[in-house]
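Remarks on the overall topology
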Amino acid sequence: MHILILGGTTEARELAAALADRTELKVTSSLAGRVAHPRLPVGGVRVGGFGGVAGLVAWLRAERVDAVIDATHPFAGAISRNAAEAAAEVHVPLLALRRPSWVPVPGDRWHPVGSLDEAAAALPALGSRVFLTTGRQGLGAFAVLDGLHFLARSVDAPEPPMPRHIEVLLDRGPFTLDGERAVLREHRIDVLVTKDSGGAATAPKLTAARELGLPVVIVRRPEPPAGVPTVPDVPSALDRLAQL
Ligand code: NAP
């Protein structure tokens, strides 16, 4: 049985590791190739786009894939849609492994928005020293905000367009609560911007913001493709695979 894991997340790497000893399975993890030095999953890996739905269909057929697990990031909407279309066309089972959304707790001052543009529009009323943790893509949405100071954290250096007053922090999760407290304090941050990525690795910034009473602009997830069975964690994905 050949399983394709669409990856780029901690869960995708954990799943590949959990399947590594299963000699009856051939497992290929697929990465988009966005990060210069990605953490590679164990086992077979391919890197780069497939070339849309048609390219993915061709790949699934050529490699005789028996099941696809979409373990991509909740904000990687295009590849998830492509996977749903391609799997349906090839009649290959598709399972989505998607970590649950973060849930606010008492003390949180969250401002949910629908996009990075909406996040930018909300910022001037909330603060002037912004910690941007939405990744290096899409920083152009904040370029119009000349009066605000930004600290942007990303794995690789961002490229223009981006805000004029920006400081870049190159780092990659998981992050600790102490570390996040220090970032907020040292950079005198008064508002945080994040995607609703979910998961533990990047959650400590939410706790640190809560402790300081800071507002958090949180970008809602895109709608996942309809009709795809979805599990929240690696053990549940392994259970579903066993049923296949
Ligand atoms: P996206 O907008 O959904 O995908 C854009 C295109 O990138 C897709 O159409 C596909 O190209 C290619 N692609 C995406 N994921 C791929 C994969 N796992 N294997 C092969 N090709 C892939 O994706 P994105 O938001 O740019 O994210 C890219 C990758 O980074 C994803 O794998 C995701 O898991 C990871 N990631 C994303 C975020 C985020 O915030 N978006 C955060 C952390 C990690 P073709 O059409 O040519 O096949």
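Per-chain numbering applies: the sequence of each chain, read as written, is numbered from 1 onward. This being a predicted model, a pLDDT of at least 70 is required before a residue's local features are given, and a value of 80 or more before pairs of side-chain atoms are given or counted; all residues contribute to the totals for chains, interfaces and linings. Excluding hydrogens and water, the side-chain values take into account all heavy atoms of the structure.

1. Here's the deal with the overall build of the protein
- Secondary structure elements are taken from DSSP: a helix is a run of H or I of four residues or more, a strand is a run of E of two residues or more, and numbering for both begins at the N terminus. What the protein contains, in helices and strands, is 7 helices and 12 strands.
- Taking 18 Å as the expected radius of gyration for a compact globule of 244 residues, we find that the protein reaches 19 Å, a close match to that expectation.
- Throughout this description, buried means an accessible area under 20% of the type-specific maximum (1.4 Å probe, protein chains only), exposed means over 50%, and partly exposed covers the range between. Per-residue burial over the protein gives 45% buried out of 244 residues.
- Only the protein chains shown count as covering a residue, and every accessible area follows the Shrake-Rupley method with a 1.4 Å probe. As displayed, the protein offers around 11900 Å² of accessible surface, 54% of which is attributable to carbon and sulfur atoms.
- Note that His is not counted, nor are the chain ends; the positive residues are Lys and Arg, and the negative ones are Asp and Glu. For this purpose, a charge sits on NZ of Lys, CZ of Arg, CG of Asp or CD of Glu. In the protein, 26 positive and 26 negative side-chain charges are present, and the distance between their average locations comes to 2 Å. Atoms counted for the radius of gyration: C-alpha only. Globule rule: 2.2 Å times the number of residues to the power 0.38.

2. With respect to the domain arrangement of the protein
- Each domain's limits were defined by an automated method or a database of domain assignments. Taken as a whole, the protein is organised into domain 1 (2-100 + 223-243) and domain 2 (109-219).
- Of note, the centres of domain 1 and domain 2, computed from C-alpha atoms alone, are 29 Å apart.
- Only heavy atoms matter for contacts: two residues are in contact if any of them lie within 4.5 Å across the pair. At the junction of the two partners, domain 1 supplies 11 residues and domain 2 supplies 13 residues.
- Together, Arg 34, Arg 39 and Phe 75 form the three largest contributors to the area buried by domain 1 at its contact with domain 2, with a combined 52%.
- Every case where a carboxyl oxygen of Asp or Glu lies within 4 Å of a side-chain nitrogen of Lys or Arg is listed as a salt bridge. The interface formed by domain 1 and domain 2 includes 0 salt bridges.
- We call two N or O atoms a polar contact when they sit within 3.5 Å, provided that within protein one can donate a hydrogen and the other can accept it, with sequence-adjacent residues counted only if both atoms are side-chain atoms. The interface formed by domain 1 and domain 2 holds 7 residue pairs in polar contact (both at pLDDT 80 or more) in total.
- Among the residues forming the side of domain 1 that touches domain 2, the class breakdown is 6 nonpolar, 2 polar and 3 charged. Buried area is understood as the total, over both parts, of accessible area removed when two parts are fitted together, assessed with a 1.4 Å probe. In the scheme used here, Gly and all other residues not listed as nonpolar or charged are polar, with Ala, Val, Leu, Ile, Met, Phe, Trp, Tyr, Cys and Pro taken as nonpolar and Asp, Glu, Lys and Arg as charged.

3. As for the packing of aromatic side chains
- Each Phe, Tyr or Trp ring (for Trp, its six-membered ring) is paired with any other whose centre lies within 6.5 Å, and the angle between the two planes then decides the class: stacked below 30 degrees, edge-to-face above 60, tilted in between. All told, the structure shown has 2 aromatic pairs when counted by the stated rule.
- With a centroid separation of 5.6 Å and 70° between ring planes, the pair formed by Phe 50 and Trp 59 is classed as edge-to-face. By the burial criterion, Phe 50 is buried, and Trp 59 matches it.
- Against the face of Phe 50 rests Arg 46, its NZ or CZ located 3.8 Å from the ring centre.
- For a lysine, the NZ atom is tested; for an arginine, the CZ atom; a charge sits over a ring if that atom is within 6 Å of the ring centre and within 35 degrees of the ring normal. Across from the ring centre of Phe 175, 3.6 Å away, lies the NZ or CZ of Arg 153, which sits over that ring.

4. Digging into the site of the ligand
- In these notes, residues near a molecule or strand are those with any non-hydrogen atom within 4 Å of it. Taken together, 21 residues lie near the ligand, and Gly 7, Ser 30, Phe 50, Gly 51 and Lys 195 sit nearest.
- In the environment of the ligand, an oxygen atom lies 2.8 Å from a nitrogen or oxygen atom belonging to the backbone of Gly 7.
- Taking Ser 30, its side chain carries an N or O atom lying 2.7 Å from a nitrogen atom of the ligand.
- Relative to its unbound accessible surface of 810 Å², the ligand loses 76% to contact with the protein.

5. Points about the packing of helix α5 (residues 177-186) against helix α6 (residues 204-212)
- Fitting a line to C-alpha atoms yields each axis, with helices limited to the stretch in contact; the angle taken between N-to-C directions then spans 0 to 180 degrees. With their axes 8 Å apart at the nearest point, α5 and α6 run at an angle of 55° to one another. Classified by the angle between their axes, α5 and α6 sit oblique to one another. Between α5 and α6 the crossing geometry is right-handed. Contact residues: α5 offers Leu 177, Glu 180, Arg 181 and Leu 184, while α6 offers Pro 204, Lys 205, Thr 207, Ala 208, Ala 209, Glu 211 and Leu 212. Under this scheme an angle from 65 to 115 degrees is roughly perpendicular, one under 35 degrees roughly parallel, and one over 145 degrees roughly antiparallel; angles in between are oblique. Here a crossing is called left-handed whenever its near helix is offset anticlockwise from the far helix by less than a right angle, and right-handed whenever the offset is clockwise.

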